[in-house]
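Remarks on the overall topology
So you can see what is in the structure, the chains are spelled out below.
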Protein chains: 2
Amino acid sequence: MAERIVVIGGDAGGMAAISQIRKRKSDAEIVVFEKGHWTSYSACGIPYVVAGQVAGIERLVARTPEQFRELGVDVRMRHEVTAIDLAGGHVEVRDTEGNTTLEMGFDQLLVATGGRPMRPPIPGIELGFVHGVQTLDDAADLLAHAEAGRCRRVVVVGGGYIGLEMAEAFVERGVATTLVDSNEQPMKTLDTDMGALIADALRHHGVELRLCTKVRGFSDGAVVTDAERLEADLVVLGIGVGPNSQLAREAGLRLGARDAIAVDRRQHTSAAGVWSAGDCAETFHLVTRQPTYVALGTVANKGGRVAGINIGGGDAVFPGVVGTAISKICATEVARTGLTEAEAREAGLAHVARTIESTTNAGYMPNAKPMSVKMVAERGSGRLLGAQIVGGSGAAKRIDTVAVALHAGLDVQQVVDLDLAYAPPFSGVWDPVLIAARELVKLI
Amino acid sequence: MAERIVVIGGDAGGMAAISQIRKRKSDAEIVVFEKGHWTSYSACGIPYVVAGQVAGIERLVARTPEQFRELGVDVRMRHEVTAIDLAGGHVEVRDTEGNTTLEMGFDQLLVATGGRPMRPPIPGIELGFVHGVQTLDDAADLLAHAEAGRCRRVVVVGGGYIGLEMAEAFVERGVATTLVDSNEQPMKTLDTDMGALIADALRHHGVELRLCTKVRGFSDGAVVTDAERLEADLVVLGIGVGPNSQLAREAGLRLGARDAIAVDRRQHTSAAGVWSAGDCAETFHLVTRQPTYVALGTVANKGGRVAGINIGGGDAVFPGVVGTAISKICATEVARTGLTEAEAREAGLAHVARTIESTTNAGYMPNAKPMSVKMVAERGSGRLLGAQIVGGSGAAKRIDTVAVALHAGLDVQQVVDLDLAYAPPFSGVWDPVLIAARELVKLI
């Protein structure tokens, strides 16, 4: 009998694996259970559909169930796995459309159940006008709501990446948008001083800000904060994402960072023949050298690919991440990698930090825009720890330079010496990343 | 008596040094001899003045002679050093305005005589309508010519970085522009297949191309090639730049790569107390581990800074370059770093190469543009050797990722694993650089 591989979840982590499994085991039976209506899509693209830049959520689908079926994969949509029996080697599944249940045995299992948006127990959070944006199903609901009736006032709760992008989306739609955040500044994954630049950008682009503000409840037509009552036709929750690891926990799989499924560098869980990848699984932070939790499409794709190679009999490892992330709010770009100053402090690392102001291109070019770079290094050794960038067009993707330097364990002097590309339409003769390193090196 | 430091040349290499010397030796007498009319300027910006994007060549000056004089530096403009007497420890100088000569002793000397454009002995090359674009004085001449009379047809000779940028400049001015290149494709610092993409872009942006074409002579109003006679109101020479090392050679300083002044990692020449930096000096290639010659503002600035720190009594090294360069022709960006396939072959390295097609941003985003990445690695070891990128807005600066990886000596599998920034407006979930590495790794 052919080996049977069961995959729970048909998004990035699961589907990246399947392509690799199929390549290596052409005869294996591969069964995917996906509880939603979509496979293999870019949830990160949802804000751009809402903004009207991308014509419909279907555009976000990288591969349809049919395309996987053409690979001989048994894709079962609207099928929710309700239990994993590790000892028995089977899963219990509910067909949510047919309302039937079934049991299926597996030789190897990939748990790719993804993430789920945080939904704190705030009164009224279950109301229909409060929307998450984690899945394409969420997006379909939100879009239907935004387009159906009048949608003139939107409140976005949470000023992280999703919050920022959804605020931009509604500004682009011409909707009055208010962003509520419980912190002093939006983007708490940045240091407060860099977050302040994002606050300025949000205001500049017409977003009303309510900082240091807690949401106490939702009622139809309003968000009640600890300070006031904000009228809202639609609410977007951008409070963050956690691992959808309940099923794994109940099955007895070991959980790790932030209750994500613990995996080794081969994406193998604590149970033989059981793998995990994507937003439900932990990953490894190459700067702190600790397990961490990162819900990002890049990590899901890479982890899924590695899991797939290993399930397929190959041998691959996913070494981990350095904490890179990027976003934008209208014309203002933002990115980070490694550790912020606050994170370095938390990790107990003696550190120095420096922020410089420069321009995206040679200062005399008409398209030169302001750009701030904050760089953090270990005191004494000079080892690079991280950087944050806020600036105009072309600023944020430069974080990749720092990300590679972190992977390679460079010190700040080595960053000063990097042979980065220069021509006036692209950079000043000293790239802003190099300027930051050049100034930081003086403090070490 | 105070130490006297003489600097020959007032552009990037010399002037970057002076700031460092002054910081460390507040009492030293610093004398700069500059034969032209300008100090410390961005010659790379000349095409953008010609294009009308930058309002006047004065905008390209980073620091005027007056600003250096405020630092207590004795800047003598229109003074050409005609000889260096190493044994006697002095230079001979001609004041080209007063038409007098003088001799000046030095304790330490920095030779920063820069580069000079190639001017092959083609009949008519001395004619007034044939322009180089190496100095601001050249630019002033060219602009005066372009703006004075009718300038409806321009021929650019040489399809390297300068040629490309000058062709763009004249296209932007609405001038009929023809580019003549003796090679099969423009941009011979790229492999031929990538150069073909640049040829396509040039044609697409309205530049007439004459490839595999040699210039036989210039006569007023025309460029005579081996195939035809091209009418031209103005000719731009973009054949390349060589080191302006004649003075150093005559003084007996050792020359190195491409007859540039030989220096060690501290920018010290073969003579005690004599230093060199900028387009007249060689540098070190960190991939080939050989001395090389690179005429770029980045190298001049970094080398000058290191020379200055050392002249000032500090201890700094400039490790070298990995061969990064970037340019654009209208909407098409181009960049390279490390070794091309042709260069790897020349260096006798067993290698593999792969070219991938992707998009600058997530494929479903409205601003996604095609982007090609060619990556080269050592066969067997998988050591990354270089990459070339051609594509739309946002494509070329990604070369920095590869440049850092080259500095760090990463192999291609390590590139696949890099945690690069992803969000739909910036990249697909697999950055094109990672896709190239992922495909290349299969060949190793």
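These notes cover the structure that comes with them. (Residues numbered from 1 in each chain as written. Chains lettered and ligands numbered in written order. Predicted model: local features only at pLDDT ≥ 70, side-chain atom pairs only at ≥ 80, totals over all residues. Heavy atoms only, no water.)

1. Looking at the overall build of chain A
Looking only at helices and strands, chain A features 12 helices and 25 strands. On C-alpha atoms alone, chain A measures out to a radius of gyration of 23 Å, which is about the 22 Å that the 2.2 N^0.38 rule sets for 444 residues. With the C-alpha coordinates of chain A rotated into their principal frame, the extents come out at 70 × 50 × 40 Å. Counting only residues that meet the buried cut, chain A has 61% of its 444 residues in that class. By element, 48% of the accessible surface of chain A is carried by carbon and sulfur atoms, the whole surface being about 16,300 Å². (Helix = DSSP H or I, 4+ residues; strand = E, 2+ residues; numbered from the N terminus. Rg over C-alpha atoms; globule rule 2.2 N^0.38 Å. Buried < 20%, exposed > 50% of the residue type's maximum accessible area, 1.4 Å probe, protein only. Areas by Shrake-Rupley, 256 points an atom, 1.4 Å probe, with all protein chains shown as cover.)

2. A short note on the interface of chain B and chain A
Tallying the contact residues gives 59 residues for chain B and 59 residues for chain A. Summing the contributions of chain B and of chain A, the shared interface buries around 5,100 Å²; its carbon and sulfur component is 66%. Together, Tyr 364, Asp 419 and Phe 426 of chain B form the three largest contributors to the area buried by chain B at its contact with chain A, with a combined 16%. For the interface between chain B and chain A, the tally reads 2 salt bridges. Among the salt bridges present, the one from Lys 397 of chain B reaches Asp 431 of chain A, with a minimum N-O distance of 2.7 Å. The interface formed by chain B and chain A includes 21 residue pairs in polar contact (both at pLDDT 80 or more). Secondary structure elements with two or more residues in the side of chain B that touches chain A: helix H8 (297–311), strand E21 (325–329), helix H10 (399–408) and helix H12 (432–440) of chain B. Ranked by the residues each element gives to the side of chain B that touches chain A, the list is headed by H10 of chain B, at 8 residues. In terms of residue class, the side of chain B that touches chain A is made up of 31 nonpolar, 14 polar and 14 charged. (Contact = heavy atoms within 4.5 Å. Buried area = accessible area lost by both parts, 1.4 Å probe. Salt bridge = Lys/Arg side-chain N within 4 Å of Asp/Glu carboxyl O. Polar contact = N/O pair within 3.5 Å; in protein donor to acceptor, adjacent residues only side chain to side chain. Nonpolar A, V, L, I, M, F, W, Y, C, P; charged D, E, K, R; others polar.)

3. Examining the side chain of Asp 419 of chain A
Mapped onto the secondary structure, Asp 419 of chain A falls in the loop between helix H11 (412–416) and helix H12 (432–440). Buried charge without a partner: Asp 419 of chain A forms no salt bridge, and the closest opposite charge is Lys 302 of chain B, 5.1 Å away. Within the structure, the side chain of Asp 419 of chain A is placed 2.8 Å from the backbone nitrogen of Val 322 of chain B, a separation counted as a polar contact. If we ignore the near neighbours within four places in the chain, the residues touching Asp 419 of chain A are Lys 302, Val 321, Val 322, Gly 323, Thr 324, Ala 403 and His 407 of chain B. (Lys, Arg positive; Asp, Glu negative; His and termini not counted.)

4. Examining the sheet that holds strand E15 (residues 229–231) of chain B
Residues and elements named next belong to chain B. Pairing within the open sheet is antiparallel, and its 3 strands lie in the order E13-E14-E15. Each having just a single partner strand, strand E13 (215–219) and E15 make up the two edges of the open sheet. Strand after strand, the sheet turns through a mean of 20 degrees between neighbouring axes, direction not considered. The pairing of strand E14 (residues 222–225) with E15 spans 3 bridges and is classified as antiparallel. Paired with Val 224 across the strands is Arg 229, a residue of E15. (Pairing = 2+ DSSP bridges. Axes fitted to C-alpha atoms, helices over the stretch in contact; angles between N-to-C directions.)

5. Considering the relation of the copies chain B and chain A
Laying chain B over chain A is done by rotating through 180 degrees and shifting 0.0 Å along the axis; what remains is an RMSD of 0.0 Å. Taken together, the rotation and translation describe the operation of a two-fold axis. Across chain B, the rotation axis passes nearest the C-alpha of Thr 401 of chain B, at a separation of 2.6 Å. A symmetric contact is evident, with 100% of the interface residues of chain B recurring at the interface of chain A. (Least-squares fit on C-alpha atoms with pLDDT ≥ 70 in both.)

6. Topic: the sheet that holds strand E9 (residues 130–131) of chain A
All names here are of chain A. If you trace the 5 strands from one edge of the open sheet to the other, you get E9-E16-E10-E11-E12, paired in parallel fashion. In this open sheet, the two edge strands, each paired with only one partner strand, are E9 and strand E12 (208–210). The pairing of strand E11 (residues 176–180) with E12 spans 3 bridges and is classified as parallel. Note on E12: the bridge partner recorded for Leu 179 is Leu 209. Where helix H4 (residues 136–148) meets the sheet, its contacts fall on E9 and strand E16 (234–237), and the angle it forms with E16 comes to roughly 155 degrees. Sitting on the sheet, helix H5 (residues 161–172) is in contact with strand E10 (153–157), E11 and E16, with an inclination near 165 degrees to E11.

7. Some details on the packing of aromatic side chains
Summed over all chains, the structure comprises 0 aromatic pairs over all chains. Above the plane of the ring of Phe 68 of chain A lies Arg 63 of chain A, whose end atom (NZ or CZ) is 5.3 Å from the centre. (Phe/Tyr/Trp six-rings, centres within 6.5 Å; stacked < 30°, edge-to-face > 60°. Lys NZ or Arg CZ within 6 Å of the ring centre and 35° of its normal.)

8. Brief notes about the nonpolar core
By size, the foremost hydrophobic cluster in this structure holds 85 residues, and its most contacted members are Met 375, Leu 384 and Val 415 of chain A together with Met 375, Leu 384 and Val 415 of chain B. Residues within four places of Met 375 of chain B in sequence aside, it is in contact with Val 352, Ala 353, Arg 354, Leu 384, Gly 386, Ala 387, Val 402, Val 415, Val 433, Ala 436, Ala 437 and Leu 440 of chain B. (Core = buried A, V, L, I, M, F, W, Y, C linked by side-chain atoms within 4.5 Å.)

9. Some points on the pairing of strand E24 (residues 370–378) of chain B
Residue and element names in this part refer to chain B. Burial analysis of E24 places 8 of its 9 residues in the buried class, the great majority of the element. Across 9 bridges, strand E23 (residues 351–359) lies against E24 in antiparallel orientation. When the sheet's bridge partners are listed, Glu 357 is paired in E24 with Ser 372. Relative to strand E25 (residues 384–391), E24 is paired through 7 bridges, and the arrangement is antiparallel. By the bridge assignment for E25, Met 375 is matched with Ala 387. With antiparallel pairing between neighbouring strands as the criterion, E24 and E25 make up a hairpin whose turn holds 5 residues, including Gly 380 at a positive phi of roughly 95 degrees.

10. A look at the environment of Val 7 of chain B
All names here are of chain B. Inspection of the secondary structure assignment puts Val 7 in strand E1 (residues 4–8). Distance in space between the C-alpha atoms of Val 7 and Leu 109 is 5.9 Å, their sequence separation being 102 residues. If we skip the residues at most four places from it in the chain, Val 7 touches Gly 14, Ile 18, Ile 30, Val 31, Val 32, Phe 33 and Leu 110.

11. Brief notes about the pattern of salt bridges
Residue and element names in this part refer to chain A. In the structure shown here, the tally under the stated rule is 57 salt bridges over all chains. The residue Glu 228 makes a salt bridge to Arg 210 at a minimum N-O spacing of 2.5 Å. Placement of the pair is Glu 228 in the loop between strand E14 (222–225) and strand E15 (229–231) and Arg 210 in strand E12, with a sequence separation of 18 residues. With a relative accessible area of 31%, Glu 228 lands in the partly exposed category.

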